[in-house]
Amino acid sequence: MKACLAQLYTVKGDPAANLAKMSAAIKEAAAKGADLVCFSELFYCGYDISREELRSLAIYVDGPELAKVRAMAADAGVHVLISYPEKDKMSDDVFISASLIDDAGNILLNHRKTYRWGDEKDKVSGGSGYEVCDTKFGKIGVLICYEIEFPEPARILMLQGAELILTTSAFTYVENMPTYLSSLAIQNQCYVLSTNDVREESPKRGASCALDQYGKVLEILSDKEGMLYCDIDLNAPGRRDSDPHMGDLDRETFRMMVELSEINE
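Cut-offs applied
- Residues numbered from 1 in each chain as written.
- Predicted model: local features only at pLDDT ≥ 70, side-chain atom pairs only at ≥ 80, totals over all residues.
- Heavy atoms only, no water.
- Axes fitted to C-alpha atoms, helices over the stretch in contact; angles between N-to-C directions.
- Helix = DSSP H or I, 4+ residues; strand = E, 2+ residues; numbered from the N terminus.
- Parallel < 35°, antiparallel > 145°, perpendicular 65-115°, else oblique.
- Left-handed = near helix turned anticlockwise from the far one by under 90°.
- Contact = heavy atoms within 4.5 Å.
- Nonpolar A, V, L, I, M, F, W, Y, C, P; charged D, E, K, R; others polar.
- Buried < 20%, exposed > 50% of the residue type's maximum accessible area, 1.4 Å probe, protein only.
- Pairing = 2+ DSSP bridges.
- Right-handed = clockwise from strand over helix to strand, strands pointing away.
- Expected span 1.5 Å × (residues − 1).
- Arc of directions from axis to C-beta.

Draft legend 1. Main features of the packing of helix α1 (residues 15-31) against helix α3 (residues 64-76). Interaxial distance between α1 and α3 falls to 10 Å at its minimum, and their mutual angle equals 15°. Viewed along their axes, α1 and α3 adopt a mutual orientation that is roughly parallel. Relative to α3, the crossing made by α1 is right-handed. Residue-level inspection shows L19, M22, S23, I26 and A30 of α1 in contact with α3, the latter providing K68, V69, M72 and A76. Class assignment of the residues belonging to the contact of α1 with α3 gives a composition of seven nonpolar, one polar and one charged.

Encoded structure:
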């Protein structure tokens, strides 16, 4: 699989402009042989916008706005990871979400961000689960930004068989991001592809990167716009085939963790 991490500037509060930029990036990546194109957190509308703007721009997962992205994926014949503010039809709650769309335009997975950073708690609701989907390349899971700073979300994806974890983020302290991602890859014996937000103004962020199952950074971008391409073979023999960690995993430690967390509440 050839993946493309599209680290691109967004126009805050302007989904039309961002979708146009997404369309151009998907076409460019497809022309270069990419199978998967990943965008940063809330690329649909831009990250730093107010609660009111976020709610007014929120869309339904089965709505016409996301249908445009699904059509882009199908037309180009590539998988796409897109993050956007999602409105729930039943509750009217708004979430920071990320959908993995396949090369036929089908939504394989829709993840709602569970751990919310800073004022996100005042802007959006929190999700309640972590999902893995089957793709033609292998099993893939998705995490959003702050979730990579906790060990449990990635471990839950690993226990569901995830061979590759995609992360979409607006991570500010990029000097720490490769360390978090490296730990995630090492402890869960999986590949990690991370697309981060980038700005023209300070702090510029960036540092989108690809890591192997040993936590080694294979490729990394600067703090400017860029398209990172990397090849990953999820069918090749990996750490889970040769290292004993999966078989040696002590499930009793999960019970201990739950009990201790309840005591410390």
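Having seen it, we continue.
Draft legend 2. Main features of the pairing of strand β1 (residues 2-7). The element β1 is largely enclosed, with a buried count of five among its six residues. One ladder, built from six bridges, connects β1 with strand β12 (residues 226-231); its direction is antiparallel. In the sheet register, C4 faces β12, and the bridge partner there is Y229. In the sheet, β1 pairs with strand β2 (residues 36-38) via three bridges, with the strands oriented parallel. Of the residues in β2, the one forming a bridge with A3 is L36. Read from β1 through α1 to β2, the crossover connection turns out right-handed.

Draft legend 3. Examining helix α6 (residues 177-188) more closely. For α6, built from twelve residues, the straight-helix expectation of 16 Å at 1.5 Å per residue is met to within 8% by its first-to-last C-alpha distance of 17 Å. If you check which residues of α6 are buried, you get M177, P178, L181, S182, L184, A185 and N188. One side of α6 carries all its buried residues, which in axial view fall inside an arc of 160°. Downstream of α6 by a residue or two, Q189 has a phi angle that is positive, lying close to 50°.

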